[in-house]
Amino acid sequence: MTRLLHIASSPRYAHSHSRTLTQEFIDKWSLYHPEATVILRDLTLNPVPYLDDTWITAKFTAPDQYTPELTGAIELSDQLVDEFLAADCYVISAPMYNFTIPAVLKSYIDYIVRPRRTFAVENGAFKGLVTGKKLLFITARGSDFRPGSAFAPSDFQEPYLRTVFGFIGFTEIQFINANGLRTDLRDQSLAEARSTIQALASHW
Ligand SMILES: Cc1cc2nc3c(=O)[nH]c(=O)nc-3n(C[C@H](O)[C@H](O)[C@H](O)COP(=O)(O)O)c2cc1C
């Protein structure tokens, strides 16, 4: 059975473009995958705490050396990694905040990028361990960051996400970016995003 993990990061709900577009994608995709299970990891409802000293010590300690304190510190991270690795495909919805991702999504990424679990070091080189899985991002931006636009070089969202998820092994990463949602481009952008969603849902 296919497991799709939906990771949502907008603190808005009914008014959130990234959540609305993502739900539309999942509803359409589910029609083609009636057997699939969709799991929602809502980072607004259940935010992941920031890292602390004990957590970082645990991250770089082999599990057979854990003290009870280190086991407790890394427990939530282990659960999130287990949930992440159990999925077959991923849809991550994200607003653009200050040219990049919301802090809740960054915290989540800090929890799931883990040595031995999602990446390894082999002969001095990093190797991603999450392979053969599809990943789709649906983002919402107030301004226009499309290639060629004045803001395009300031897009630290898509390049960052491609880099960090590439680091843990993903090679099949797609983006649907709804740009200019606080400009005159809004209606055109939403229509284009919906048309891409419609087309992608049938063969993703
Ligand atoms: C704290 C904050 C920071 C934002 N920073 C940016 C930004 O850097 N670039 C941009 O284009 N839009 C920015 N916006 C606008 C949001 O990206 C836009 O409203 C988007 O639709 C939010 O996603 P959502 O509709 O899924 O909540 C920002 C909004 C907030 C609340």
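Cut-offs used in this document
- Residues numbered from 1 in each chain as written.
- Predicted model: local features only at pLDDT ≥ 70, side-chain atom pairs only at ≥ 80, totals over all residues.
- Heavy atoms only, no water.
- Helix = DSSP H or I, 4+ residues; strand = E, 2+ residues; numbered from the N terminus.
- Rg over C-alpha atoms; globule rule 2.2 N^0.38 Å.
- Buried < 20%, exposed > 50% of the residue type's maximum accessible area, 1.4 Å probe, protein only.
- Contact = heavy atoms within 4.5 Å.
- Lys, Arg positive; Asp, Glu negative; His and termini not counted.
- Charge placed at Lys NZ, Arg CZ, Asp CG, Glu CD.
- Core = buried A, V, L, I, M, F, W, Y, C linked by side-chain atoms within 4.5 Å.
- Axes fitted to C-alpha atoms, helices over the stretch in contact; angles between N-to-C directions.
- Parallel < 35°, antiparallel > 145°, perpendicular 65-115°, else oblique.
- Nonpolar A, V, L, I, M, F, W, Y, C, P; charged D, E, K, R; others polar.
- Expected span 1.5 Å × (residues − 1).
- Pairing = 2+ DSSP bridges.
- Patch = residues over 30% accessible without salt bridge, like charges linked within 9 Å, V, L, I, M, F, W, Y side chains within 5 Å.
- Areas by Shrake-Rupley, 256 points an atom, 1.4 Å probe, with all protein chains shown as cover.
- Salt bridge = Lys/Arg side-chain N within 4 Å of Asp/Glu carboxyl O.
- 1 Å grid on protein atoms, 1.4 Å probe; cavity = no way out; pocket = protein on both sides within 12 Å on 5 of 7 lines; lining within 4 Å.
- Points joined across faces, edges and corners; volume = space filled by probe spheres on them.
- Near = heavy atom within 4 Å.
- Polar contact = N/O pair within 3.5 Å; in protein donor to acceptor, adjacent residues only side chain to side chain.
- Sits in = over half its atoms within 2 Å of the grid points.

### Digging into the overall build of the protein
- The number of helices and strands found in the protein is six helices and seven strands.
- Seen in sequence order, the protein has helices and strands lined up from the N terminus as β-α-β-α-α-β-α-β-β-β-α-β-α.
- Taken over the C-alpha trace, the protein has a radius of gyration of 18 Å; the compact-globule value for 204 residues is 17 Å, and the two agree within 12%.
- Seen through its C-alpha atoms, the protein measures out along the principal axes to roughly 55 × 40 × 35 Å.
- Among the 204 residues that make up the protein, the fraction classed as buried is 47%.
- Considering only contacts in the protein between residues 6 or more positions apart, those separated by 24 or more positions represent 78%.
- In the protein, 19 positive and 22 negative side-chain charges are present, and the distance between their average locations comes to 3 Å.

### Focus on the nonpolar core
- By size, the foremost hydrophobic cluster in this structure holds 35 residues, and its most contacted members are Phe-84, Leu-105, Tyr-108, Phe-165 and Phe-170.
- Taken together, the elements giving at least two residues each to this core come down to β1 (3-8), α2 (53-59), α3 (68-86), β3 (89-95), α4 (103-112), β6 (134-140), α5 (158-167) and β7 (172-178).
- What Tyr-108 contacts, discounting residues up to four positions off in sequence, is Leu-5, Ile-7, Arg-41, Leu-43, Val-48, Leu-80 and Phe-84.
- Of all hydrophobic cores here, the second largest spans 20 residues; its members include Cys-89, Leu-136, Leu-200 and Ala-201.

### What about the packing of α3 against α4?
- In the contact formed by α3 and α4, the axes pass within 8 Å of each other and the chain directions differ by 90 degrees. As summarised for this structure, α3 and α4 are arranged roughly perpendicular, according to the angle between their axes. Residues Leu-76, Ser-77, Leu-80, Val-81 and Phe-84 of α3 form the contact with α4, whose participating residues are Tyr-108, Tyr-111 and Ile-112.
- Partitioning the contact of α3 with α4 into residue classes produces seven nonpolar, one polar and no charged.

### Structural notes on α3
- With 19 residues, α3 extends 26 Å between its outermost C-alpha atoms, agreeing within 8% with the 27 Å of an ideal straight helix rising 1.5 Å per residue.
- Inspection of α3 places Leu-70, Ile-74, Ser-77, Leu-80, Val-81, Glu-83 and Phe-84 among the buried residues, and these make up the whole buried set.

### Some thoughts on the sheet that holds β7
- On the basis of which strands lie adjacent, the open sheet formed by five strands has the order β2-β1-β3-β6-β7 and parallel pairing. Edge positions in the sheet fall to β2 (37-42) and β7, since each of these pairs with one other strand and no more. Strand after strand, the sheet turns through a mean of 15 degrees between neighbouring axes, direction not considered.
- Bridge count between β1 and β3: five bridges; the pairing is parallel. The partner of Ile-7 across the bridge, within β3, is Ile-92.
- The sheet contacts of α5 involve β3, β6 and β7, and relative to β7 the element is tilted by about 160 degrees.

### Considering a nonpolar patch on the surface
- On the surface, Leu-51, Ile-56 and Phe-60 cluster together to form a nonpolar patch covering roughly 290 Å² of accessible area.
- Among the secondary structure elements, Leu-51 is positioned in the loop between β2 and α2.
- With relative accessibility at 34%, the residue Leu-51 sits in the partly exposed group.

### Some words on the layout of surface pockets
- In this structure, the largest pocket occupies an estimated 360 Å³ of space.
- Residue lining of the largest pocket: 18 residues in total, with Met-96, Ala-140, Arg-141, Gly-142 and Arg-182 positioned closest to the centre.

### Focus on the pairing of β3
- Counting buried positions along β3 yields seven of seven residues, so the element is predominantly enclosed.
- Here β3 shows a buried face lined by Cys-89, Val-91, Ser-93 and Pro-95 and a second buried face lined by Tyr-90, Ile-92 and Ala-94.
- Here β3 runs beside β6; their pairing, made up of seven bridges, is parallel. Residue pairing across strands places Ser-93 opposite Ile-138, the latter belonging to β6.

### Observations concerning the site of the ligand
- Near the ligand you find 18 residues, and of these Ser-10, Arg-12, Ser-16, Ser-18 and Met-96 are the closest.
- Residue Arg-12 places a side-chain N or O atom 2.6 Å away from an oxygen atom belonging to the ligand.
- In the environment of the ligand, an oxygen atom lies 2.7 Å from a nitrogen or oxygen atom belonging to the backbone of Ser-143.
- Protein chains bury 78% of the 630 Å² of accessible surface belonging to the ligand in isolation.
- Among the cavities detected, the one that contains the ligand is the largest pocket.
- Partitioned by chemical class, the residues of the shell around the ligand number seven nonpolar, eight polar and three charged.

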